[in-house]
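One letter stands for each residue in the lines below.
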Amino acid sequence: ADQREIAAMSGRTATVAALLAALLLARCPACSSTVSSPGAPPAREHESYFEGWGEGYDADDGPRAALANAAQIAAGVDRTPVEDDIDALDPPAAKLEVREVRWEDEEATRSKLGRAEFPDGDGDGFRSVYPLTPTPGVDDIATPITTEEWFRRPRVPPTPVRRRGGLSDSPSGTLGWDPSARAALEAELRRLQFPASCDDAAVLAVPLEMCPLGCRVHIFLQRALIASVTLGRTLVPLPPWDAGLDHLFQPVTNCSLRPGRPGATEGARRELGEAMEALTDLFILSGAPHEKLAPLEASYRGDKKNPARAVDSWLAGLRELMREQHASEQFLGDEHWNKNSPRWKRAAATLAPYTVGRASGKDDGDAAEANDIIVCSNGRCDNAATARGACVRPEGCPGVGLNNDQFPDVLWRIMRNPVGGDAPGFWLSNQPEGVPAPIEYSPTPEDAARIIEAFDDQRASVAGEVQAMLRDDDEEEPGRGLLPLPGYPYPRAVSVPELPPRIMVFPPGSFADGCNDWPSACQPHFALHAMLTSWILTRPLAAVAGFITPATFRNLDRIAHPVVTLQVRRSDKMGEDPFYNIHKGYRDLATYVRALDDAATATGKCFKTVFLMTDAKHAVLELRRMHAAGNLTVCGEKPALVFSDAIAADKEYSAPVFVDSLVGRRGNESAVEAVRRERLFAAELWVAAKFSDYVVGDASSNVFMLLLEAVAARKRIADIPRLVSWAPGEEHHDHVARCPRHDPVTHRCYWMSSIGASLQEGWHSVLLANPWVNGESRAVRYAMREGPEGVERLLGKRTERER
């Protein structure tokens, strides 16, 4: 087949087209591994984003106050860490009883799970097309383990990663960015989020999800904000779910849908704010926003000709839902319900049309309307792209939907060449000499056969699409291209494509394989996440900045680089943690400490400071005892241990308290305490974002991902962690071994790169969508559904049969 530029064939809306764009790499029988010219700008600190946006955008001087506090901390202090007196610490018996699972116990459970007989019909999780054996011509150490590598596999293996210091820098071909790209992103955010007139702005109104802070920030940024930017709209938090960020960070917009607030919308759209006020008690009494709004949208769409009947049906269903959620019987009783129903119905009749778009008196949808608001039916704004008149960008909104959940084309164009001319916003690390050129591919009949084989249950439909694409008679989208597979040698420099590559979807219609371990199209997505996350975290309110002192954080004035943040999430984590659900306990802290030392070896960074971030008082106590006893070392030396004295002195929490900070915040004691704890948490995130060079933790937690994104933002590199074989104290070969199905029972691996590392039980992704990578193992799938008690029952039955 003729050589063609990848731009001519990628970006199809059909699933197989997306696959082909991701799988067909130029066959290069004599690729050279020699690289000489790094693509990154000179290593400098570009952290002006910590200064905030200033007057007209920020509510107070919190960002500069935080920087001033940090500067005072760092000025002329004794760097000798303050040592804990081990005898003065609480005895171990005083800590909360928490079951920790040692490495030996992990192995015993895995052995039993490997012999367990799972119930019929409990399959191996998501169907996967990953290889189970090494690819011919690629050695065991570098076995491809991602879908993209499997289909694009070149004739040469990736460059082996040295065991010692091999992860000190990102692999060749990794996407990075210039400060000008971030500046272009923030300029577009300012334009959209701070309009000159809120009344004239096209608004996307989003309910903030009622979940812990990491979840709340990620859903707001990675789904709602990306959707609003794609459509050219101003994203405004929707009452009564609009109180999730404003007590921690600087404003995300100057507009409001609450009557009487600064920036409140007036005129015809004022009715929406008044309707939400009337529905507030009904909405915040129980349940999440999507449980109230999505059914209203569905009822209205299904019965537009009779809106009153649609609202009646929705209100009746909502009453039943609230009963299931054990809402107050006094609230749900006939007397209260019947008295308030007419008011609720009028308000719901006002709200419902906003969920489908174009909610003004006119219904022709031809002209821009003064009442242009779309109300999201959940925190992700899943209904936004299909709402009537959703796109308000003069240039249009090509590819609205799933593609733009990754990286909006409009942002990529703005950021790729932010200052005009030849100044690039994005670059690729360690490129060979020469003029960069697009990646080319040469599709063959064997390629087509492999695609068809991969979709074994859909061969008939896929085969025709593949053959049509090979004939080049499918619709084309010029400019959509590929990025190189990081770590693989290329014979020449590769250019950054004009449009962002798209993530492969397997099986069709899902993110079942996730986005992890070097897939090139995941890097733009991760880069955008990093910049958006740091935009939020580095703009604290003054009330948060006030916590950034040595009085709050022990040893904060003793910080010395390199700094590693050790994230240990516990409390309510058990429900969503595969490890806990399998082993009925948390990883023991000694495993985390060994992981720190291994990360230091792999990156060549002997961390001088460990910044401990945890929600568990008992974890602070135990790690302090380990540190004081000399059992917490890195490269044989004891680092400074920085931690929150407020957490150490606080009471032990076994459940989150965030909800009290979201619903109303009426000044009661629980709400005041919840706000205090969240502000302390936001201060911890700021310290980590400002000082961390690396992060070690658990990537099943949103907090770990926030920290990873913050480190990526400082280093301006989208170095997505890769999966490597690891065990505490294990003697490795000269090179780091990758682990495709390393542990076939639970898919355990160490997720590692030059910016962070995570202990993995079941593999996770940088995507907020489906987190499972390389399929979800049967054991993990069963444990997440049945919980630790279910696993215990399963293994107990096996033990009885063995006896």
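Predicted model, so just to flag it, every value in this text is computed and none were measured.

Cut-offs and rules
Residues numbered from 1 in each chain as written. Predicted model: local features only at pLDDT ≥ 70, side-chain atom pairs only at ≥ 80, totals over all residues. Heavy atoms only, no water. Salt bridge = Lys/Arg side-chain N within 4 Å of Asp/Glu carboxyl O. Helix = DSSP H or I, 4+ residues; strand = E, 2+ residues; numbered from the N terminus. Buried < 20%, exposed > 50% of the residue type's maximum accessible area, 1.4 Å probe, protein only. Pairing = 2+ DSSP bridges. Contact = heavy atoms within 4.5 Å. Axes fitted to C-alpha atoms, helices over the stretch in contact; angles between N-to-C directions. Core = buried A, V, L, I, M, F, W, Y, C linked by side-chain atoms within 4.5 Å.

Q: Quick question: what am I supposed to make of the pattern of salt bridges here?
A: Pairs can form between side chains of opposite charge once their charged atoms are near each other. In total, this model carries 28 salt bridges according to the counting rule given. Residue Asp312 is joined to Lys345 by a salt bridge in which the shortest nitrogen-to-oxygen separation is 3.1 Å. With Asp312 in helix α9 (residues 307-324) and Lys345 in helix α11 (residues 334-351), this pair connects stretches of sequence that are 33 residues apart. When its relative accessible area of 37% is taken as the criterion, Asp312 is described as partly exposed. With a closest N to O distance of 2.8 Å, Asp557 and Arg558 form a salt bridge. A relative accessible area of 15% means that Asp557 is categorised as buried. On the basis of relative accessibility, which here comes to 16%, the residue Arg558 falls in the buried class. Residues joined in a network through salt bridges with shared partners are Glu188, Arg191, Arg393 and Glu395.

Q: Would you take a moment to explain the sheet that holds strand β13 (residues 640-644) for this structure?
A: Two modes of strand pairing occur in sheets, parallel and antiparallel, and in both the strands are linked by backbone hydrogen bonds. The sheet built from 8 strands is open, its strands ordered β9-β13-β12-β10-β14-β17-β16-β15 with mixed pairing. Whereas interior strands pair on both sides, the edge strands pair on one side only; in this sheet they are β9 (553-554) and β15 (722-724). Two strands pair when backbone bridges link them, and strand β10 (residues 563-568) and strand β14 (residues 694-697) are joined in this way by 3 bridges, in the parallel orientation. Directly across from Val564, in β14, lies its bridge partner Tyr694. Relative to the sheet, helix α18 (residues 589-603) contacts β10, β12 (609-614), β14, β16 (749-752) and β17 (756-760), its axis offset from that of β16 by approximately 50°.

Q: What am I meant to see in the nonpolar core here?
A: One recurring pattern in soluble globular proteins: nonpolar side chains tend to sit buried together. In this structure, Phe249, Met415, Leu566, Val696, Tyr750 and Met752 are the most contacted members of the largest nonpolar core, which totals 142 residues. If we skip the residues at most four places from it in the chain, Tyr750 touches Ala595, Leu596, Asp598, Ala599, Val696, Arg722, Leu723, Val724, Trp726, Ala757, Ser758 and Leu759. In terms of nonpolar packing, the next biggest core, distinct from the first, is built from 39 residues, Leu279, Leu321, Met322 and Ala348 among them.

These figures capture arrangement, not role.
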